[in-house]
Amino acid sequence: MSTYSDCFYCGGAVEEHNLPREVRWQGELFIFENVPLGVCTQCGEKFLKPRVAKSLDRALQGQQKPIRVLQVPVYQYEPDRM
Ligand SMILES: [Zn+2]
């Protein structure tokens, strides 16, 4: 079932897991659930197959309705003034 090459960063084996994936597109944050991602068993780096990346792009371009919309609080980073 391994359709992934070894990890680009550490050479570890990469296994597929269905996980949430955050995507930034046109300055906004989108979340996909149950995305088949390759996950490195050593360093945890995640990899996206080109075919999967393409279907995420298609969904974002308006051909798919979101199942729900989340509100995400956004903070400005303030350094400690101690
Ligand atoms: Zn790795």
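With that settled, consider the overall build of the chain. The helix and strand tally for the chain stands at one helix and three strands. Reading the chain from its N terminus to its C terminus gives the helix and strand order β-β-β-α. In terms of overall dimensions, the chain is more spread out than a globule: its C-alpha atoms have a radius of gyration of 16 Å, far above the 12 Å expected for 82 residues. Taking all 82 residues of the chain together, 20% fall into the buried category. Within the chain, contacts between residues separated by at least 24 positions form 44% of all contacts whose residues are at least 6 apart in sequence. When the accessible surface of the chain is summed, it comes to about 7200 Å², and 49% of that surface belongs to carbon and sulfur atoms. Positive and negative side-chain charges in the chain, numbering 10 and 10 respectively, have mean positions lying 8 Å apart.

To continue, consider the nonpolar core. Residues Val23, Phe32, Val35, Leu37, Val52, Leu56, Ala59 and Leu60 constitute the largest nonpolar core, which totals eight residues. Of all the elements in the fold, those that place two or more residues in this core are strand S2 (28-40) and helix H1 (50-63). For this core, the element with the highest residue contribution is H1, accounting for four residues. Counting residues in each nonpolar core, the second largest holds five residues, with Cys7, Val14, Cys40 and Phe47 among its members.

Coordination sphere of the zinc ion, protein contribution only: Cys7 (SG), Cys10 (SG), Cys40 (SG) and Cys43 (SG), at 2.3 to 2.4 Å. Mapped onto the sequence, the residues coordinating the zinc ion show the spacing C-x2-C-x29-C-x2-C. Here Cys10, found in the segment before strand S1 (14-25), pairs with Cys43, found in the loop between S2 and strand S3 (46-47); they are 33 residues apart in sequence, far enough to count as distant. Look at Cys43 and you get partly exposed, because its relative accessible area is 42%.

Before going further, it helps to spend a moment on the layout of surface pockets. Of the pockets and cavities examined, the largest pocket occupies roughly 810 Å³. Considering the residues around the largest pocket, the lining is formed by 25 residues, among which Leu29, Phe30, Ile31, Pro66 and Arg68 are closest to the centre. Residue composition of the lining of the largest pocket, grouped by class: 16 nonpolar, four polar and five charged.

The next thing to look at is the packing of aromatic side chains. Summed over the entire model, instances satisfying the criterion amount to three aromatic pairs. Their ring planes at 65 degrees and their centres at 6.1 Å tell us that Trp25 and Phe30 sit as a pair that is edge-to-face. Residue class for Trp25 comes out partly exposed when judged on its relative accessible area of 23%. Pairwise contacts between aromatic rings join Phe8, Tyr9 and Phe47 into one cluster.

Reading the values: rules and limits
- Residues numbered from 1 in each chain as written.
- Predicted model: local features only at pLDDT ≥ 70, side-chain atom pairs only at ≥ 80, totals over all residues.
- Heavy atoms only, no water.
- Helix = DSSP H or I, 4+ residues; strand = E, 2+ residues; numbered from the N terminus.
- Rg over C-alpha atoms; globule rule 2.2 N^0.38 Å.
- Buried < 20%, exposed > 50% of the residue type's maximum accessible area, 1.4 Å probe, protein only.
- Contact = heavy atoms within 4.5 Å.
- Areas by Shrake-Rupley, 256 points an atom, 1.4 Å probe, with all protein chains shown as cover.
- Lys, Arg positive; Asp, Glu negative; His and termini not counted.
- Charge placed at Lys NZ, Arg CZ, Asp CG, Glu CD.
- Core = buried A, V, L, I, M, F, W, Y, C linked by side-chain atoms within 4.5 Å.
- Donors = N, O, S within 2.8 Å, 3.2 Å for Na, K, Ca; no water.
- 1 Å grid on protein atoms, 1.4 Å probe; cavity = no way out; pocket = protein on both sides within 12 Å on 5 of 7 lines; lining within 4 Å.
- Points joined across faces, edges and corners; volume = space filled by probe spheres on them.
- Nonpolar A, V, L, I, M, F, W, Y, C, P; charged D, E, K, R; others polar.
- Phe/Tyr/Trp six-rings, centres within 6.5 Å; stacked < 30°, edge-to-face > 60°.

Worth remembering: the numbers are spatial, not functional.
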